[in-house]
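Next come the chains, spelled out residue by residue.
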Amino acid sequence: MTDSGRFVVFVTGNESRGDDAAGPLLLQRLEGELPAGARVVCEFQLQVEHALELRGADLVLFIDAACGLDVPFEFAEAVGKGPVSSFSHALSPGAVLDVFRRIEGAEPPPAFVLGLRATRFELGEGLSELAADAVEAALPFTLALLEALHPDSWRKLAQAREFSSPRVGKKSAV
C-alpha cells in the first residue's frame, strides 16, 4: 500500500465555466474521504510548475472534465513522452509528467487520469445534467481508488474499464 502522505491529487476546473466545474465538485464530494497526508492541488489548469508537486510522490491522480465521452467517466494511466510546448501555460497530465522527466532526470511516479463527462464550458453556465450524473457515477469508483492506493491495483482497474486515455478539458489534452 502506498503511504498516503505520498499521494497527490490534481483537480483542474473552473466552477464558473459550466461542466468544467465537474472536477472541483467531485473533490468537494470527497471531502473527509481523502487519506491523511494526501496533497491536493486544485487549479484552473495544469502548468509547468505542477511538475514540482510530483517530487516525492508514489502515486498521482489527475481529475478533470473530459469531452467526447460516451460514458459518465473514464479512468486510465497517464502517459507522457509527447511534445511539451515552451509557450503554453496549460498542460495535459502527460505533459506534466514529461516536464518532470526533463527537470528531474528521472521517471515520474505512476499517474492516472479520471475524466468526467462534460459537454459545455461557457462562462457563467451551470453544470449540465450529464456532468452532474458523471460526478455521481464517479464518486463510488473514486472512493474505491482511495481504498486501494497502489499503482498495480489502479492499473488493473484501468485495464478492466478498457478505455483509452480521457480527453480532459475543452479539447483533447491527453
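Q: Where do I start with the overall build of the chain in this structure?
A: Counting its regular elements, the chain contains 4 helices and 5 strands. Secondary structure of the chain in N-to-C order comes out as β-α-β-β-β-α-β-α-α. Considering the chain as a whole, with its 174 residues, one finds that 48% of them fall into the buried category. With the model as given, the accessible surface of the chain reaches about 8400 Å², and the carbon-plus-sulfur share is 50%.

Q: I would appreciate a short explanation of the sheet that holds strand β1 (residues 7-12) in the present structure.
A: Whenever strands of a sheet pair, they do so through backbone hydrogen bonds, lying parallel or antiparallel. In spatial order, the strands read β2-β1-β3-β5-β4; together these 5 strands make up an open sheet with mixed pairing. The strands lining the two open edges of the sheet, one partner per strand, are β2 (39-43) and β4 (73-77). Taking each pair of neighbouring strands and ignoring which way they run, the sheet shows an average axis angle of 15°. In this sheet, strand β5 (residues 111-117) lies alongside strand β3 (residues 59-66) in parallel orientation, the contact comprising 6 bridges. What sits directly across from A65, in β5, is L116.

Q: Explain the pattern of salt bridges here, please?
A: Two side chains with opposite charge may pair up if their charged atoms get near one another. In total, this model carries 8 salt bridges according to the counting rule given. Here R6 and D58 are joined by a salt bridge, their closest N and O atoms 2.8 Å apart. Taken as a pair, R6 in the segment before β1 and D58 in the loop between β2 and β3 lie far apart in primary sequence, 52 residues in all. What makes R6 partly exposed here is its relative accessible area of 33%.

Q: So what exactly am I meant to see when it comes to helix α4 (residues 151-161) here?
A: Turn by turn, an α-helix covers 3.6 residues, leaving residues three or four places apart pointing in a common direction. By the burial criterion, the buried members of α4 are P151, W154 and A158. The buried residues of α4 all sit within an arc of 65° when viewed along its axis, so they share a single face. In α4, the exposed positions that point more than 90 degrees away from the buried face belong to K156, Q159 and A160. On its buried face, α4 is in contact with β1, β3, β4, β5 and α3 (129-147).

Q: Can you help me understand helix α2 (residues 93-104) in this one?
A: With 12 residues, α2 ought to run about 16 Å at 1.5 Å a step, and its terminal C-alpha atoms sit 16 Å apart, in line with that. Summarising burial for α2: 9 of the 12 residues are buried, a large majority. Of all the residues in α2, the buried ones are P93, G94, A95, V96, L97, D98, V99, F100 and R101. Where the residues of α2 are buried, they touch β3 and β5. Of the residues flanking the end of α2, it is G105, one or two places downstream, whose phi is positive at about 65°.

Q: Would you mind showing me how to read the environment of F44 here?
A: Along the chain, F44 falls in the loop between β2 and β3. What makes F44 exposed here is its relative accessible area of 59%. The spatial distance from the C-alpha of F44 to the C-alpha of D64 is 9.8 Å, given a sequence separation of 20 residues.

Q: What is the right way to read the confidence of the model for the chain from this model?
A: A low pLDDT means the predicted coordinates there should not be read in detail. This prediction gives the chain a mean pLDDT of 83; 84% of its residues lie at or above 70. Here residues 1-5 scores under 50 on pLDDT; set against residues more than four positions off or in separate chains, the count is 16 contacts. Counted against residues more than four places away or in other chains, residues 170-174, with its pLDDT under 50, gives 12 contacts.

Definitions and limits used
- Residues numbered from 1 in each chain as written.
- Predicted model: local features only at pLDDT ≥ 70, side-chain atom pairs only at ≥ 80, totals over all residues.
- Heavy atoms only, no water.
- Helix = DSSP H or I, 4+ residues; strand = E, 2+ residues; numbered from the N terminus.
- Buried < 20%, exposed > 50% of the residue type's maximum accessible area, 1.4 Å probe, protein only.
- Areas by Shrake-Rupley, 256 points an atom, 1.4 Å probe, with all protein chains shown as cover.
- Pairing = 2+ DSSP bridges.
- Axes fitted to C-alpha atoms, helices over the stretch in contact; angles between N-to-C directions.
- Salt bridge = Lys/Arg side-chain N within 4 Å of Asp/Glu carboxyl O.
- Arc of directions from axis to C-beta.
- Contact = heavy atoms within 4.5 Å.
- Expected span 1.5 Å × (residues − 1).
- pLDDT = per-residue confidence, 0-100.

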